[in-house]
Amino acid sequence: MLFKVLGAVLLCASATVASAQTLPAEPVSLGDGRVVVSGDASVSVAPEDTGFFNYGDYEHSMLREFRLGLSVAVRATDRISILGQIRSENMDTPEPYALYARLRPFVHHRFDVQIGRIPPTFGRFPRLAYGRDNILIGYPLAYQYLTSLRADALPASVDELLRMRGRGWLANYSVGNLAADRGVPLVNALNWDTGVEASTGWKWLDVSAAVTNGTVSRPLVSDDNAGKQFAGRAMVHFSPALSVGASYARGAFVSRRVLAALELPSDRSFVQEAAGLDVGYEAGHLSIQAEAIGSSWDVPMRATGTIVALQSGSISVQGRYAISPGIYAAVRAEHLTFNRVTGSSGPVSWDAPVSRVEVGGGYYLQRNLIARMSVQFNDRDGGRVSSARLVAAQLLFWF
Amino acid sequence: MRTVALAISLVVTAVASVPAQRPLGSIRGRVDIRRAVAPAERRPGVADLGTAAPRDLPDTRRAVVYLESAPSPAFDELAAGHALMDQHNETFYPHVLAVTVGTVVDFPNSDSTYHNVFSLSKAKRFDLGRYAKGKSKSVVFDKPGVVRVFCDIHSHMSAFVLVFNHPFFATTDTDGRYRIDNLPPGTYSVAAWHEGSTRETRPITVPPQGGPVDLDFTLQ
């Protein structure tokens, strides 16, 4: 036909789409959406972290891991859902990290009850911890850095505590469990606690409260002391751009094993108390979050028969800016500090303060395949290694 | 090869301007979609403290029928159009939008939460950033192709913008019907597209006297 030209009209549709999105991007849905499965996989590489700055609760560095996660939601009825997540780090046996029932007693009312191994009530970051929501490769110090404090083993004296300063990755004490093990972070974002949580909200306010077996530092499946933790969080949305949250938690921290070693009644409780304040601002291509957390642990000292209040505080500010479609830059600056206790050599912070700046960025190879790179500068006022500059790269896929 | 193709195209285009007064025809029909396309579900909100608000589901039954090759006058001058893709109840409306090259598409946010419209498609890469209810941002689609549109905040939100460099295309209605008008007589290759891929291509001839020609598609 003379009227025709051989102009390309559409770049072959399937080819175009394929080039934009070659890996599965949507969660797998079964039974008309009653069962939804999503997953993520990440590979992070970095030089060895000889100062253990990035060691989490898994005895390995967060910057050097291969991680697989699978999340499942089963909607049994309009009122009942079951949610779960299994994860595997470095090809270890997959373990369930979340498994709970979500109940909505009044279908049209925003009131939910969650029972089981539930998401953390405390803080802003735990809801940003997974996959693409974490803007950098490392985690905030408050949620990851291991202090020298343990719940199943305690120092007999302040001097014994100070000997473990800057050694949270492998601390050992003379009361309770004598084996060396890792300490606890201020707030554990990776392991989830077991209990009951209720949440509700209005247009401008979200409120939630929980009763759980462990504490924010040490989430538990089975309780190992006589007390429960009570935690609450409120978040005010001043506008779609600006939200401010406040969190509080208080619960028994020290385990029965330590109480037995101290010859104290098993119903005696020594508590962890934590409070947090966080702010989030996002508009246009910019998002900023800031979070301050304070925590206090009551620790009995066998040698003196006294109870020492060990305190720690953290402040973290992070921001992400989308430079162009599919490319962003991010930065996080933070500091972790500890109160002073008096040992035989005078007052010293009970653990070594740490500062960290992580600068990096990400490139979206496709919507759900992100390549990230970051440089992390760590400084610690103590420990065998007092500073570390670590370059890390990560490839993250999610569906 | 490029040189040869360009030469043929120039010759054909030159001839094309002669029979301007000939009667025009149309292609009409129905696209029967027999493959089920489930809307993307929300990812399980395992870290959430409660149930997410209800959302609308996208209309994944729409197809686009278009000419794979077009009459030369179609390429002469395309008037820059204006179109709209709304974001409401965490869904893009419409789910499929077909436009001509140069069209400005507005992306208003009608939800009380933020949205962040973006695309990484070769035909158009853009990122509109986060903006609130009542605000709108626009994108000029200046290259032909399929543009997959997403929301960076709500991963279950997606839509398609099909950009043509001619006006001979139509989106099916709720009943699957379409109609492409103002076609000069000739034989064409007509394609039916649905949810990311061209499913069927068929030849059809618009007779010299013009008039409507029926062409149905069944997409398995």
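Conventions we followed
- Residues numbered from 1 in each chain as written.
- Chains lettered and ligands numbered in written order.
- Predicted model: local features only at pLDDT ≥ 70, side-chain atom pairs only at ≥ 80, totals over all residues.
- Helix = DSSP H or I, 4+ residues; strand = E, 2+ residues; numbered from the N terminus.
- Buried ≥ 20, exposed ≤ 12 C-beta atoms within 10 Å, placed from the backbone.
- Contact = placed C-beta atoms within 7 Å.
- Rg over C-alpha atoms; globule rule 2.2 N^0.38 Å.
- Core = buried A, V, L, I, M, F, W, Y, C linked by C-beta atoms within 7 Å.
- pLDDT = per-residue confidence, 0-100.
- Pairing = 2+ DSSP bridges.
- Axes fitted to C-alpha atoms, helices over the stretch in contact; angles between N-to-C directions.

**Re the overall build of chain B**
Then, number 1: The helix and strand inventory of chain B stands at 1 helix and 18 strands.
Then, number 2: The principal-axis extent of the C-alpha atoms belonging to chain B is close to 65 × 35 × 35 Å.
Then, number 3: A buried classification covers 46% of the 220 residues belonging to chain B.
Then, number 4: When contacts within chain B are restricted to residue pairs at least 6 apart in sequence, those whose partners lie at least 24 apart make up 63%.

**What about the overall build of chain A?**
Then, number 1: Looking only at helices and strands, chain A features 4 helices and 21 strands.
Then, number 2: Rg of the C-alpha trace for chain A: 23 Å, near the compact-globule value of 21 Å for 399 residues, within the 12% margin.
Then, number 3: Counting only C-alpha atoms, chain A reaches 100 × 50 × 45 Å along its principal axes.
Then, number 4: Counting every position in chain A, which comprises 399 residues, the buried fraction comes to 46%.

**Remarks on the nonpolar core**
Then, number 1: In this structure, A142, L154, V187, V254, V258 and V299 of chain A are the most contacted members of the largest nonpolar core, which totals 74 residues.
Then, number 2: Membership of the second largest hydrophobic core comes to 52 residues, among which are A70, C151, Y178 and F217 of chain B.

**A short note on the confidence of the model for chain B**
All names here are of chain B.
Then, number 1: Mean pLDDT over chain B works out to 87, with 90% of the residues at or above the 70 mark.
Then, number 2: Low pLDDT, under 50, characterises residues 1–19; the predicted model gives this stretch 17 contacts beyond four residues in sequence or across chains.
Then, number 3: Of the two predicted TM-score estimates for the complex, the pTM is 0.88 and the ipTM is 0.84.

**Remarks on the environment of A63 of chain B**
Residues and elements named next belong to chain B.
Then, number 1: The residue A63 is located in the loop between β1 (25–33) and β2 (64–67) in this model.
Then, number 2: On a C-alpha basis, the gap between A63 and L97 in space is 9.9 Å, while along the polypeptide they are 34 residues apart.
Then, number 3: The contacts of A63, once residues within four sequence positions are left out, are V31, I33, T172, A192, W193, H194 and L219.

**Focus: the sheet that holds strand β13 (residues 169–171) of chain B**
Paired through backbone hydrogen bonds, the strands of a sheet run either parallel or antiparallel to each other.
All names here are of chain B.
Then, number 1: If you trace the 4 strands from one edge of the open sheet to the other, you get β13-β2-β15-β16, paired in antiparallel fashion. In this open sheet, the two edge strands, each paired with only one partner strand, are β13 and β16 (197–206). The mean angle between the axes of side-by-side strands here comes to 20°, regardless of whether they run parallel or antiparallel.
Then, number 2: With 3 bridges connecting them, β2 and β13 associate as antiparallel partners.

**Remarks on the environment of S312 of chain A**
Residues and elements named next belong to chain A.
Then, number 1: Looking at the secondary structure, you find S312 in strand β15 (residues 306–324).
Then, number 2: By the C-beta count within 10 Å, which is 25 here, S312 ends up buried.
Then, number 3: Along the chain, S312 and R380 lie 68 residues apart, while their C-alpha atoms are 15 Å from each other.
Then, number 4: Once residues within four sequence positions are removed from consideration, S312 is found in contact with T147, L186, S295, L336, T337 and F338.

**So, the pairing of strand β6 (residues 111–118) of chain A**
Then, number 1: When strand β5 (residues 95–103) of chain A meets β6 of chain A, the two strands line up antiparallel, connected through 5 bridges. Each residue of the ladder has a partner; that of R102 of chain A, found in β6 of chain A, is Q114 of chain A.

**A look at the confidence of the model for chain A**
Then, number 1: Summary statistics for chain A give a mean pLDDT of 91 and a share of 93% for residues scoring 70 or more.
Then, number 2: When pLDDT is averaged over each helix and strand of chain A, the minimum, 38, is found for helix α1 (residues 13–20) of chain A and the maximum, 98, for strand β16 (residues 327–338) of chain A.

**Brief notes about unusual backbone geometry**
Then, number 1: Here the residue pair Y93 of chain B and P94 of chain B is connected by a cis peptide bond, since its omega of -5° sits within 30 degrees of zero.
Then, number 2: Of note in the backbone geometry, E263 of chain A takes a positive phi value of approximately 55° without being a glycine.
Then, number 3: With respect to the element layout, E263 of chain A can be found in the loop between α4 (256–261) and β13 (271–283).
Then, number 4: Judged by the 7 C-beta atoms lying within 10 Å of it, E263 of chain A falls in the exposed class.
Then, number 5: Of note, N182 of chain B is a non-glycine position whose phi angle comes to about 60°, a positive value.
Then, number 6: Within the secondary structure, N182 of chain B sits in strand β14 (residues 177–183).
Then, number 7: The class of N182 of chain B is partly exposed, set by 13 C-beta atoms lying within 10 Å.

**Here we look at the sheet that holds strand β6 (residues 96–100) of chain B**
Residue and element names in this part refer to chain B.
Then, number 1: With respect to topology, 5 strands assemble into an open sheet ordered β6-β12-β11-β8-β9, the strand pairing being mixed. This sheet does not close on itself; its edge strands, each paired only once, are β6 and β9 (124–131). If you compare each strand with its neighbour and ignore which way they point, the axes differ by 25° on average.
Then, number 2: In the sheet, strand β8 (residues 115–121) pairs with strand β11 (residues 145–151) via 2 bridges, with the strands oriented antiparallel. Looking at the pairing, V117 lines up with C151 of β11.

**What about the pairing of strand β14 (residues 286–301) of chain A?**
All names here are of chain A.
Then, number 1: Relative to β14, β13 runs antiparallel, the two sharing 12 bridges. Bridging from a neighbouring strand, Q272 pairs with W297 of β14.
Then, number 2: Between β13 and β14, which pair antiparallel in sequence order, lie 2 residues; one of them, G284, sits at a positive phi of approximately 60°.
Then, number 3: Strand direction decides the pairing type here: β14 and β15, joined by 16 bridges, are antiparallel. Of the residues in β15, the one forming a bridge with D298 is A309.
Then, number 4: Taking the residues between adjacent antiparallel strands as the criterion, β14 and β15 are bridged by 4 residues, where G305 takes a positive phi near 70°.

**Considering the environment of S148 of chain A**
Then, number 1: Tracing the backbone through its elements, the reader meets S148 of chain A in the loop between α2 (141–144) and β7 (153–154).
Then, number 2: Setting aside residues up to four positions removed in sequence, S148 of chain A forms contacts with M164, R165, R167, G168, A171, G183 and D351 of chain A.

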